Structures are given as structure tokens and as C-alpha cells.
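# Structural description and commentary
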There are 4 protein chains.
Amino acid sequence: MVKEGDKVLLYGEDGSKIIITVEKGKKKGTHLGHVNMDDLIGKEYGDLISFGKKERTFYILPPTYIDLIFNMKRRTQIVYPKDASYILFKLDIKPGSRVIDTGVGSGAMCGAFARIVGNKGKVYGYERREDFYNLAKKNLEGWNLDKFVELKLRDIAQGFDEMNIDALLLDVPDPYNYIQQCWQALKGGGKIGIICPTTNQVQQVLERLYEYPFIDVEVWENLMRRFKPNPERLRPFDRMVAHTTYLVFATKVLRKMGGVFGE
Amino acid sequence: MVKEGDKVLLYGEDGSKIIITVEKGKKKGTHLGHVNMDDLIGKEYGDLISFGKKERTFYILPPTYIDLIFNMKRRTQIVYPKDASYILFKLDIKPGSRVIDTGVGSGAMCGAFARIVGNKGKVYGYERREDFYNLAKKNLEGWNLDKFVELKLRDIAQGFDEMNIDALLLDVPDPYNYIQQCWQALKGGGKIGIICPTTNQVQQVLERLYEYPFIDVEVWENLMRRFKPNPERLRPFDRMVAHTTYLVFATKVLRKMGGVFGE
Amino acid sequence: MVKEGDKVLLYGEDGSKIIITVEKGKKKGTHLGHVNMDDLIGKEYGDLISFGKKERTFYILPPTYIDLIFNMKRRTQIVYPKDASYILFKLDIKPGSRVIDTGVGSGAMCGAFARIVGNKGKVYGYERREDFYNLAKKNLEGWNLDKFVELKLRDIAQGFDEMNIDALLLDVPDPYNYIQQCWQALKGGGKIGIICPTTNQVQQVLERLYEYPFIDVEVWENLMRRFKPNPERLRPFDRMVAHTTYLVFATKVLRKMGGVFGE
Amino acid sequence: MVKEGDKVLLYGEDGSKIIITVEKGKKKGTHLGHVNMDDLIGKEYGDLISFGKKERTFYILPPTYIDLIFNMKRRTQIVYPKDASYILFKLDIKPGSRVIDTGVGSGAMCGAFARIVGNKGKVYGYERREDFYNLAKKNLEGWNLDKFVELKLRDIAQGFDEMNIDALLLDVPDPYNYIQQCWQALKGGGKIGIICPTTNQVQQVLERLYEYPFIDVEVWENLMRRFKPNPERLRPFDRMVAHTTYLVFATKVLRKMGGVFGE
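Under the annotation held in an unreviewed UniProt entry, chain A carries the name tRNA (adenine(58)-N(1))-methyltransferase TrmI and is attributed to Thermosipho affectus. One UniProt comment on chain A, placed under Subunit (unreviewed entry), says "Homotetramer composed of a dimer of dimers."

As C-alpha cells, this is what we get:
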């Protein structure tokens, strides 16, 4: 049942998605008219609601985290679900994990970590731009995930406060400049993931990674193709997202034995 | 520090990976010689150990979940990390989620759900083959995840015991035959994910999905490319996994308004 | 040197491409102003020309066949260069080849075959719609390739006039209905290529191919990725053409020995 | 009909391919037994022949150029059909084209150009290694394409003998070192194609291309996926060739107007 305080996704026939937070006695303006929130309260999820002059009908759904991040206010490039999900898995994030995320940007990856690590874990988010820091703070609060995150308005050049971190995501324009700081923050066997949109960044990151005790260095690229869901004419969509970023992963060790070079 | 009872990944210079459970006073035989487990206890993760006649050196690492599933005993096709991670994200799995996984197979997806849903959630695993059921049980126990999973030796043709399920993964050879049962088990707004290795299965699944109140139907295929991590000759590996499965996702609603078709 | 009668490509700084046929004493109107054709005559290819009120500058280039087909009048879906080139190679088109192309559509594939087969070969183009037939005729004349092509306004249900054809391209909405006719027209060892935009068409085509003596059946899909040509930020373009068509190829034999099934 | 002197492809049920040149009165030894060549003469293409102790049956087919190059003696990495065909199309090769190919390697691309350019065109093949030069010579003779090709045993550092070349393929380990020489050999509006297996090579090539009057610079990568041709279980093969090379294309102009940067 929808109740006060819930975030609700209104999903239209045309695929439009509106997310609102339900407040008793209030109205929410959308580009299709006003939603009387009291009409939502008590409705079952999966049910329908109509509003506006044209009485447009919408499904009432619980928003997923993907819905939330595509709906959030953002000023930065988003980490796509295809990449975000793979990062979570490769960095082995689980309840209790202690994770560093930097730069935080709009906070989407911070939130993705936070919703898994839970009370026994912690996400440390480093961001040097105040506007991003404030935006991420607001977004995380909106998702009720701020309690799992410690945001820091800080440049990472001087390093991280934490030690023995389980996993670290490095998403800055010049990642090759902070490999040492990352190595120091990670525990032995800890995982680093690095966002590199260009091949040049991958090359520079690899060069620096090999200077430090990192092993199991992998570079991945994720091509997600979506199909038109028509059973009688099944085929991929004509166009796709062809590139978002390359992903570099590695594992910290205490010292290195030899010149392991990938596979 | 490595302590008794830990699962430890020994990672060799050549990329070989051995997982052992540390038991005081015992030895573990590997194809490269015997590991004296007492030598491991007290070592720091990320450190090195040598053993065997040739004194081969290995890194001592905490195994990730990916390491565990690639190392488990299995008799079934595995859901690849690229697909498993995307399923977790698209099905919006989080602490507290109640999830059905069927067929369970070797238990890798059950475990992937279990490690996130935690104490407040639950994974219900349906498997009709007794050998798979027993194998999955053993694997989940080995990963200490069995407490989050309720395994059932059961054919799903007669439906599921649970109602108001948050998410359901359908991974059987004839998924199109169980769409009704899945719809019944899901909550309004609940998510279904379906594993379809062939285009024919996708077509049949789509046909059946449109007969029931499911919306937001998406078909995806995930192409992961891996690069040789050589900064001076950066290029993809010559060969890649070109296909594992198509993934179909949809959202349950209580009733349908119109003929929404994909995007 | 540019001379009268030449087709000339004017290539602008912004990537815009205008193709004109040079006629002495005439002007050609473009969206950027009038080109005085006499100014082109005698210029060297690769040189520059300016025209229009804003004196916009263009490179004078010989148009490639790809330029011509992207510039032609068309009413049909074009076979993309990535697919057209692979078809030419897989069908083993060379000077002297006798080729059937059907449906002709706007004539782009007819022309692609024609420019290779030359005087000793021939392209037979079957098209049942008169408007397409006329359009293809005009396009082929414009490319000076009509002398290598015999266009026929005809439905292919009753078969082809020719026998012992080296290669045949089948590009119609219901290719599975003409497999027998194609087999009859081909020589022993002759090649067929079939355009199938959807997986359903591929499945139906395969079913029919196996009913006739065809071997070496292959199904391909061509994903061309383009990169931003920036040496300091080398990366794929954000978006790509994700799907045009599947390509099915097979070889005619006189009779079949066994149930060869792909690789 | 098969006649003396023909190259014939024997295609086995298991997909094995044997190419032989038919000589009257002779036998050809294969790993499956001896073929009596007189048995082939007079047979129709597409028919069957059996030979060897086990009386294995083969289809008698005319070999395609793809069959020939995969069957040739080679000591170098081959340009894959997916790339070779796209190069032919993008370089706009047609009867009469004058083309430079360097390095020649085993001669497969020389031959691919040669079979199209015909008597009115010419292929100039530059190769600096004598063993490759001799191998390519022999291969081209075997394909009856040597008359269209002028092979030169020569380092290209000192440039090419020809001027006003229509198209040029640069396939050497250090292509960035010969951009000037290529520019000089090409006609205005002439096309260059460059084989670059690594991203580093692409970056270096782009840097040099922008130093000379080249426009319309494009970087492509071709991913060909092959499907299991089973109509009831249509799906891609599990594994694919994930990478062969990046392809860089550009057009020579006489002088440059501005800093056009890709699209």
C-alpha cells in the first residue's frame, strides 16, 4: 500500500516516468497536470491512477534505484547502470563493506554502494567541488541513504583518512595521479575500480598501476544492446549507447613478486 | 590477518587461483604441492606464501564472490558475472528484499541474492532436480549464505508458496510456461528477470508476458570485452565470450491499461 | 583536373557533403548559395573552392560510391556500407560475375555489384514495384552503371529467367518464400546472401534453406564502431548504429549428403 | 564443369576444406587419402566425390577468394575478411583503380585489390622483407592475379615511385612514420587506409595525419558476430573474434583550410 512519505514512481503509457514523495493533503504539479497526493495514499502498488485535465492514466510503482538516479538532479556524467552494476560485483561490495568513492559527483555511485553496505559498513565519499558535494548530500538524503555515507569536501591529492578499505572507486579526470593514495587506503587484497572514458586514460592508469603492488589488473568495456521487445519482429534497437567508459580493476597486495602482465 | 575458518584465495603468478578453507594443523593438497595451513594463519592478506617442491609463490587474498562461484562445484551452466551483476541491479535487490530464484542449479545466483538481502530479507530457491538441490545446498553452506536461503525441492508448475515477492529470477529451459505462476508470486511493482539463451526463447517469453499484466518489458544482451592490460599496446583480447544469454525484464502490475510495446 | 560531366563532391568544413554534376555555363543552387560550375572546371581534385554570400569554402573531391549512395534519392532502407562490403566479399563478386539482385529498391546494391562485374559480367535486378524500378533505373544511369545492369519489373514468385548464376542477393520482406527459386537460378557452388533484419526472418530462412541442397550456411551480424578521431582522447563515439540486419549466406550444391548443421 | 587447371575446393561434411589444382593423370594426397584428379574432371560444380579408404564424401566447389586466402601459405597475420571487405569499399576500389599496398606480407590484400582493379588498373605492392616478397609472389601467381600486381622489394622510408595513386593501404608496424610518403603518392581526393592493431598506434597515426593535408579522418572497428544457424535455437556462437585491428581512413587534399576534427 502507498503511504505517506513513500517515493512513488508514476509510469505512463508512453514510458514517461515521474517520481514523487507522497505528502498528505498536498498536490504535486507535473507537466501533465496536478496529482492529488491523497488519491495515492492507500492505493496498492501496481494499480492505476488518473489525473490532469486529460485524465491521463499512470501505473503506481515503487521506484528502483535505477529510476531514482535517472530522475535525480545531476550536474555530472552519470555512471550507467551497466557499468555501476559491474563495478559493484567486481569490487565485491556486500553488507559490511567499507568503501571509498571519489569523486562523488551527483552521488549516484555513493548511493549504490550505500544501499548494500548497510549499518555495519560505511561509504566514504570524497569530493573537492562544493557544488557537487552539496548536490550529492541532497540526493543521498532524498534516497534515505545519507546515514551510510560520510561525505568529505576534500581534494584527494593529500590522500585519504581511512585505512584498510575493502574497495575504492576512482572516478576523476586524472586518475593516474592518485594511484599511490589509493594503494595506501586499501587493505591487502582490497579492490580498486577506475573509471576511464578514453584509451589514453587507460594507458596512463595502467602505467601507474604497475609501479605499485597491484595485481590481477583487468580492463573491461561493457556493450549493452537492447532489443525491441516485439516477439514477431525481434531485433536490436537501431541505435545503442556505444561507449560510456572503460573500467579498470586491480587488487592491492603488500608487495609484488614478479612482472605479472594481465592474463 | 588470516585466521582459522577463513576462505583464502591463493593467486599464482600465472593467474592460477586456488581457494582453500583454513584449518589448523592440516595440509591441503593442490596440483602444485601441499600447503601447510598453519603457515597461512597470522599472515596478512595481500602477503605472499610459497609451498610445494618448486617453492612456487602465491598471493594470499580474500576470495571475492566471483572467485567463489568460478571455483565451486557445478553441474550447470553458470550465470556469468556480467549478467549476474546486471540482474541484481535491474531487479533492484537490496537488504530486506524477498526474492525467488528458480531453477537454482548450482546455487550461484541464490548466493548472489543472499549476500545482499541479509537477515531482513529472504531468498526462496526452487529446484526440481534433487542432485542440483543437494549441490546448491552444499555450495551455499560453503559460502555461509545458507541461512538467508530457503531451498525447496519442487517443480514450479504448481506455482510458488510465496506471495508479494519483490523480485523473481526465472532460469529454466522453458520459461514461457511459468509466466502466470511468476505473476502470481510477485507484488504489484515487483520485478521479473528471465534468462533466455536463444532468440526463440525470447520470442516465446515475450508472447506470454504480453498476455499478463506486465509492463516495462525490456530485452538486453551484454557484451563484455576485455583488454590486454598493456599500456604500450592497449587493445582488446583477440577472443571474447560472444554470447551467454539474453536477459528479459518486466514489472508486474495489477491490471493493464493499454498495449504498451517496449520503449 | 575537374572536367565537364564529372560528378564532384563538395566537402565542407562542417562535414557537409554536396554532390554536383559539372555542366559548363551552369549554376547549381545549394542551401549555402550558388556554385558557378565554370569555377570548378580545371581545378585540381583536392583543391578548395569558395562560393555563396558567405564565401564558404569547400574541398573538391571525387565522390566515392559510398558518397553516391548516401546522396542518392531513395525511398527504401539502404544496405549499409558495413553490410554491402561484406556481401560483396562473401558472395565473391569479381569482374565477370553474373549476379541477381532482388528486390532492387533504390538500386544501391545493384550498382555496388555492377561497378565490379564490368563488361564481362552482368547484374540482373528484379523489382516488382514500378516506383522503385524507375528510381533504381534513374540512380544507376546517374552513376553510369546502367550498362552493366538488366533491370526487370517483375515479381520473383514465378522464378528467375537466368540459370547458372554465380551469386544472388535476396533482399525482400519474406525471403523464406523464394528459396526454391533462388536455388534454381544459382550454379552449382553459387552463393546466396539474404538480408534478414529480424531474428524471426533468420529462423524462417534457415528452416527453408535446410529443405534444399544448400550447404555452408552462415549467419552473421556486423557491429561497426566508430571512434572519435582525437589522438589525445581516443574513445568510441557515444552512440552507434546497433543494428541494421542479420546476413545469411549459403552455397548451392546439386544434392545433399547429410545433415550438416553449421559449424 | 571441372576442367584441367581449375582450382577446386573439396568441402567435407565436417566443414573441412581442401583446395587442389586439377592436373590430368595425377593424384593429390590429403590427410584423408588420395584424390584421383581424373575423377574430378568433367564433374559438375556442386556435385559430390568420394575418395580415400573410408570413402569420405566431399562437395566439389569453386573456391572463393576467402577460401583461397585462408588456404594459402602465410607467415604473417592475415587481414580478416570483415576488415578486408570494408577496406575495399572505403578505399573505393573499382576496375581501373591504381592502388599501393604496403607491407605486402603474404599478399592477400594485394590479391584482393588485384581481382577488382583488372587490366586498366594496377596494384603496386611494397615489401621490404625478401621472404615475404617471395611468398606473396608465389601466392599471387597461384591465384592468377600476378599480372595485375607490380611487387617491389623495397623499404618505403624513401617513398613510393608512383604519383597520383587512387588509394593506398598502409599495413606496417610503425605506420605513423610514413604518413608523409603516403600523402605524396596519393592523388588529390585519394584515400588512405591504415591498419592499427593497438589504440597506441591509432593515437600516433592520428597525430601525424593531422600534420598533413588529410581530411575526413575516420577510425573504425569491426565486430562480426556469427550465429549458430539452428532455426530452433538461434543464438550467437559462444565465442567470437573480438579484435583484429582498428582501421583508420582519411582523404588527401592539396592544402588544408581549418582544424577539422572528425565528425
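### Here's the deal with the state of the cysteines
Residues and elements named next belong to chain A. In the structure shown here, the tally under the stated rule is 0 disulfides over all chains. Here Cys 182 stays free of any disulfide, with the sulfur of Cys 196 as its closest cysteine sulfur at 11 Å. For Cys 182, a relative accessible area of 0% puts it in the buried group.

### Things to note about the interface of chain A and chain D
At the interface, 5 residues of chain A touch 5 residues of chain D. Taken over both partners, the interface formed by chain A and chain D buries close to 340 Å², and the fraction arising from carbon and sulfur atoms is 35%. Among the residues of chain A in contact with chain D, A:Thr199, A:Gln203 and A:Arg225 are the three that bury the most area, contributing 75% of the side total. In this assembly, chain A and chain D are joined by 0 salt bridges. Counting across the chain A and chain D interface gives 5 residue pairs in polar contact (both at pLDDT 80 or more). No other element matches the 3 residues that helix 6 (residues 199-209) of chain A contributes to the side of chain A that touches chain D. A class-by-class count of the residues in the side of chain A that touches chain D yields 1 nonpolar, 3 polar and 1 charged.

### Thoughts on helix 2 (residues 81-90) of chain A
Residues and elements named next belong to chain A. Among the 10 residues of helix 2, 10 are classified as buried, and the element is accordingly described as predominantly covered. Considered for burial, the residues of helix 2 that qualify are Pro 81, Lys 82, Asp 83, Ala 84, Ser 85, Tyr 86, Ile 87, Leu 88, Phe 89 and Lys 90. Trailing helix 2 by a residue or two, Asp 92 shows a phi angle of about 60°, which is positive.

### Structural notes on a positive patch on the surface
Side chains of A:Lys28, A:Lys73, A:Arg75 and A:Lys138 sit close together on the surface and give a patch of like positive charge. One can find A:Lys73 in the loop between helix 1 (65-71) and helix 2.

### Structural notes on the domain arrangement of chain A
All names here are of chain A. Domain annotation of chain A identifies domain 1 (7-63) and domain 2 (67-252). For domain 1 and domain 2, the distance between their C-alpha centres works out to 32 Å. With 6 residues of domain 1 at the contact, the number on the domain 2 side is 5 residues. Across the interface of domain 1 and domain 2, roughly 460 Å² is buried in total on both sides, 58% from carbon and sulfur atoms. Per-residue buried area on domain 1 facing domain 2 is highest for Lys 7, Ile 19 and Pro 63; these three make up 75% of the total on that side.

### Overview of the interface of chain B and chain A
Contacts between chain B and chain A engage 74 residues on the former and 74 residues on the latter. A buried area of about 7,100 Å², summed over both sides, lies between chain B and chain A, and 66% of it is on carbon and sulfur atoms. Interface area lost by chain B to chain A is led by B:Phe89, B:Arg226 and B:Met257, which between them contribute 12%. The tally of links between chain B and chain A comes to 10 salt bridges. The salt bridge involving B:Arg115 is made with A:Asp92; its shortest N-O contact spans 3.0 Å.

### With respect to the pairing of strand 8 (residues 122-127) of chain C
Residue and element names in this part refer to chain C. The element strand 8 is extensively covered by neighbouring structure, given that 5 of its 6 residues are classed as buried. Pairing of strand 7 (residues 98-102) with strand 8 involves 5 bridges; the strand directions are parallel. In the strand pairing of strand 8, Thr 102 is matched with Tyr 126. Chirality of the crossover, the property in question, places the unit of strand 7, helix 3 (residues 108-117) and strand 8 among those that are right-handed. Across 5 bridges, the pairing between strand 8 and strand 9 (residues 149-153) is parallel. What sits directly across from Tyr 126, in strand 9, is Lys 152. Taken together, strand 8, helix 4 (residues 130-142) and strand 9 constitute a β-α-β crossover, and its handedness is right-handed.

### Let's talk about the pattern of salt bridges
Residue and element names in this part refer to chain B. Within the structure shown, the criterion is met by 92 salt bridges over all chains. Note that Asp 161 is salt-bridged to Lys 152, the shortest N-O span being 2.6 Å. When the shortest N-O distance is used, the salt bridge between Asp 238 and Lys 228 registers 4.0 Å. Here Asp 238 is found in the loop between strand 13 (235-236) and strand 14 (239-241), whereas its partner Lys 228 is found in strand 12 (residues 214-228), with 10 residues between them in sequence.

### Considerations on the relation of the copies chain A and chain D
For the pair chain A and chain D, the relating rotation is 180°, the translation along its axis is 0.0 Å, and the fit reaches an RMSD of 0.0 Å. Here the transformation between the copies is reduced to the relation of a two-fold axis. Considering only C-alpha atoms, the residue of chain A closest to the rotation axis is A:Thr199, which sits at 3.4 Å. Mapped onto chain D, 100% of the interface residues of chain A are again interface residues, and the two copies thus contact each other with one and the same surface.

### Digging into the relation of the copies chain B and chain A
Of the transformation placing chain B onto chain A, the axial shift is 0.0 Å and the rotation is 180°, giving an RMSD of 0.1 Å. Counting the interface residues of chain B, we find that 100% of their copies in chain A are interface residues as well, pointing to one common contact surface.

### Comments concerning the sheet that holds strand 5 (residues 48-51) of chain D
Residues and elements named next belong to chain D. In spatial order, the strands read 2-1-6-5; together these 4 strands make up an open sheet with antiparallel pairing. Each edge of the sheet is formed by a strand with only one pairing partner; in this case those strands are strand 2 (17-21) and strand 5. Across the sheet, the mean angle from the axis of one strand to that of its neighbour is 35°, orientation sign disregarded. With 5 bridges connecting them, strand 1 (residues 7-12) and strand 2 associate as antiparallel partners. Bridge pairing in strand 2 links Leu 9 to Ile 19.

### A word on the sheet that holds strand 1 (residues 7-12) of chain A
Residue and element names in this part refer to chain A. One open sheet holds the 4 strands; their spatial order is 2-1-6-5, and the pairing between them is antiparallel. In the strand order of this sheet, the two ends are held by strand 2 (17-21) and strand 5 (48-51), each with one partner. Mean inter-strand twist for the sheet, computed between neighbouring axes without regard to direction, equals 35°. Bridging between strand 1 and strand 6 (residues 56-61) involves 4 bridges; their strand directions are antiparallel. Its bridge partner being in strand 6, Leu 10 is matched across the sheet by Ile 60.

Reading the values: the criteria
Residues numbered from 1 in each chain as written. Chains lettered and ligands numbered in written order. Predicted model: local features only at pLDDT ≥ 70, side-chain atom pairs only at ≥ 80, totals over all residues. Heavy atoms only, no water. UniProt positions renumbered as here; feature names shortened; annotations may be inferred. Disulfide = S-S within 2.5 Å. Buried < 20%, exposed > 50% of the residue type's maximum accessible area, 1.4 Å probe, protein only. Contact = heavy atoms within 4.5 Å. Buried area = accessible area lost by both parts, 1.4 Å probe. Salt bridge = Lys/Arg side-chain N within 4 Å of Asp/Glu carboxyl O. Polar contact = N/O pair within 3.5 Å; in protein donor to acceptor, adjacent residues only side chain to side chain. Helix = DSSP H or I, 4+ residues; strand = E, 2+ residues; numbered from the N terminus. Nonpolar A, V, L, I, M, F, W, Y, C, P; charged D, E, K, R; others polar. Patch = residues over 30% accessible without salt bridge, like charges linked within 9 Å, V, L, I, M, F, W, Y side chains within 5 Å. Areas by Shrake-Rupley, 256 points an atom, 1.4 Å probe, with all protein chains shown as cover. Lys, Arg positive; Asp, Glu negative; His and termini not counted. Charge placed at Lys NZ, Arg CZ, Asp CG, Glu CD. Domains from an automatic or database assignment. Pairing = 2+ DSSP bridges. Right-handed = clockwise from strand over helix to strand, strands pointing away. Least-squares fit on C-alpha atoms with pLDDT ≥ 70 in both. Axes fitted to C-alpha atoms, helices over the stretch in contact; angles between N-to-C directions.

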